[in-house]
Amino acid sequence: MDERAALALLADRLPAVGDDAAVVDGLVVTTDMLHEATDFPEGTTRETAGWRALGASLSDVAAMGADPVCAVAAYAAPGFDPAEIGAFLDGATGVCEAVDCEYVGGDLDEHDEFTVASTAVGRTDDPVRRAGARVGDAVCVTGTLGRSAAAFRLFEAGETARANDLYRFVPRVDAGRSLAPHATAMMDSSDGLARSLHQLAEASDVGFAVEYDALPVDDGVRAVARDAVDERALATTFGEDYELVVTLPEEALEATREAVDCGLTRVGVVTDSGVEMDGAALADEGWTHGR
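Being a predicted model, the structure only gives us computed values, none of them experimental. (Residues numbered from 1 in each chain as written. Predicted model: local features only at pLDDT ≥ 70, side-chain atom pairs only at ≥ 80, totals over all residues. Heavy atoms only, no water.)

A. Spatial organisation of the side chain of Thr44. Locating Thr44 in the fold gives a position in the loop between helix H2 (36-39) and helix H3 (46-63). Since its relative accessible area comes to 16%, Thr44 is described here as buried. A distance of 2.7 Å separates a polar atom in the side chain of Thr44 from the backbone oxygen of Pro41. Setting aside residues up to four positions removed in sequence, Thr44 forms contacts with Ala49, Phe155, Asn164 and Tyr167. (Helix = DSSP H or I, 4+ residues; strand = E, 2+ residues; numbered from the N terminus. Buried < 20%, exposed > 50% of the residue type's maximum accessible area, 1.4 Å probe, protein only. Polar contact = N/O pair within 3.5 Å; in protein donor to acceptor, adjacent residues only side chain to side chain. Contact = heavy atoms within 4.5 Å.)

B. Broad picture of the environment of Gly50. For Gly50, the position within the fold is in helix H3. In the structure, Gly50 is positioned 115 residues away from Asp165 in sequence and 13 Å away in space, judged by C-alpha atoms. Setting aside anything within four residues of it in sequence, one finds Gly50 in contact with Phe88, Gly91, Ala92 and Val95.

C. Layout of the sheet that holds strand S12 (residues 280-281). Pairing is mixed across the open sheet formed by seven strands, whose spatial order is S7-S9-S6-S10-S8-S11-S12. Looking at strand neighbours, the two that pair on one side only are strand S7 (185-188) and S12, the edges of this open sheet. Here strand S8 (residues 207-210) runs beside strand S10 (residues 264-271); their pairing, made up of four bridges, is antiparallel. Looking at S10, one finds that Gly207 is bridged to Thr271. Sheet strands touched by H3: S7 and strand S9 (244-248). Its angle to S7, the strand with the most contacts, is close to 175 degrees. (Pairing = 2+ DSSP bridges. Axes fitted to C-alpha atoms, helices over the stretch in contact; angles between N-to-C directions.)

D. Focus on the packing of helix H5 (residues 147-156) against helix H6 (residues 160-167). Two elements in contact, H5 and H6, have axes whose closest approach is 8 Å; the angle formed by their N-to-C orientations is 160 degrees. With respect to H6, the element H5 is oriented roughly antiparallel. Where H5 crosses over H6, the handedness of that crossing is left-handed. Each of Arg147, Ser148, Ala150, Ala151, Phe152, Leu154 and Phe155 in H5 lies in contact with H6, whose residues at this interface are Thr160, Arg162, Ala163, Asn164, Asp165, Leu166 and Tyr167. For the contact of H5 with H6, the residue count by class is eight nonpolar, three polar and three charged. (Parallel < 35°, antiparallel > 145°, perpendicular 65-115°, else oblique. Left-handed = near helix turned anticlockwise from the far one by under 90°. Nonpolar A, V, L, I, M, F, W, Y, C, P; charged D, E, K, R; others polar.)

E. Geometry of the pairing of S10. Here five bridges tie strand S6 (residues 138-142) to S10, and the two strands are oriented antiparallel to one another. The residue of S10 that forms the bridge with Val141 is Thr265.

F. Local environment of the nonpolar core. With 44 residues, the main nonpolar core has Leu54, Phe88, Cys96, Phe114 and Val246 as its most contacted residues. Elements represented by at least two residues in this core include exactly strand S2 (27-35), H3, strand S3 (67-77), helix H4 (82-98), strand S5 (115-123), S6, helix H7 (173-179) and S9. Ranked by residue count, the leading element in this core is H3, at eight residues. Taken together, domain 1 (20-123) and domain 2 (138-281) each give at least three residues to this core, which thus spans both. Not counting residues up to four positions away in its chain, the partners in contact with Val246 are Ala138, Val139, Cys140, Leu179, Ala183, Ala185, Met186 and Leu264. (Core = buried A, V, L, I, M, F, W, Y, C linked by side-chain atoms within 4.5 Å. Domains from an automatic or database assignment.)

G. Main features of the pattern of salt bridges. All told, the structure shown has 15 salt bridges when counted by the stated rule. Among the salt bridges present, the one from Arg266 reaches Glu250, with a minimum N-O distance of 2.6 Å. You can see Arg266 sitting in strand S10 and its partner Glu250 sitting in the loop between S9 and helix H11 (253-259), a full 16 residues away along the chain. Notably, a salt bridge pairs Glu254 with Arg257, separated by 3.2 Å at the nearest N-O pair. Here Arg257 and Glu254 lie together in helix H11, a separation of three residues that amounts to about one turn. Look at Arg257 and you get partly exposed, because its relative accessible area is 28%. Because the salt bridges share partners, they merge into one network encompassing Asp67, Asp174 and Arg177. (Salt bridge = Lys/Arg side-chain N within 4 Å of Asp/Glu carboxyl O.)

This is a description of form; function is not addressed.
Next up, the structure:
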């Protein structure tokens, strides 16, 4: 059973599953698990790992349009190296401070592979869900796409300083709050733009038509891409970007764009059915844990 099938099994047993975070009495709660083999390429510092692990959960809070409250992490490694634990804490507290959230600790355990399980809690009385996109809405993304894909290529090339810099991202909490009053549907792009569009389409029972040339492709992608086909794959299906993919009424676009300081790019429109890019079907491909 692959990850998608496992998630479908969970959805059958847990009707509340399906959004970036669970919503309970005004709180949003989310958890993530990252492993060295799949999520932290060789050359990833413990500080970057701490930043990224907590950032992944805070991104889910952002996707619900919520205010982060606190975060915790379970840290497991083959041994407890004081310098590595200290660097991890620097990253974990750093990303939390960047979005005005409190890092309140967690758990330690020995494990044969460096692994982090993080949980973040946020607060909102009006969460933005994946269901709600309407035909005619604009579909937009924050920031740039492909930043993590570029980092992976740089790790492979041994350019670890630049790779670690790209691999640390600021969760789009401020953008999520700005988008929430107008958004009809929203999620983060951790699985890649293509898969995010398919997930939104399924949740909202709509389709999407987007244009590749409209995408805000990160400059780092163009620097590492082997050719145009590779560039498109890195920007749309690699995933792990943690930008927000959002739908909102066209009439709200200009005012919302002015309020989002990380950049908001209109990449297409909500349609009746199908997920297309440049007029052709866009495959449901993206990041898969255990890849």
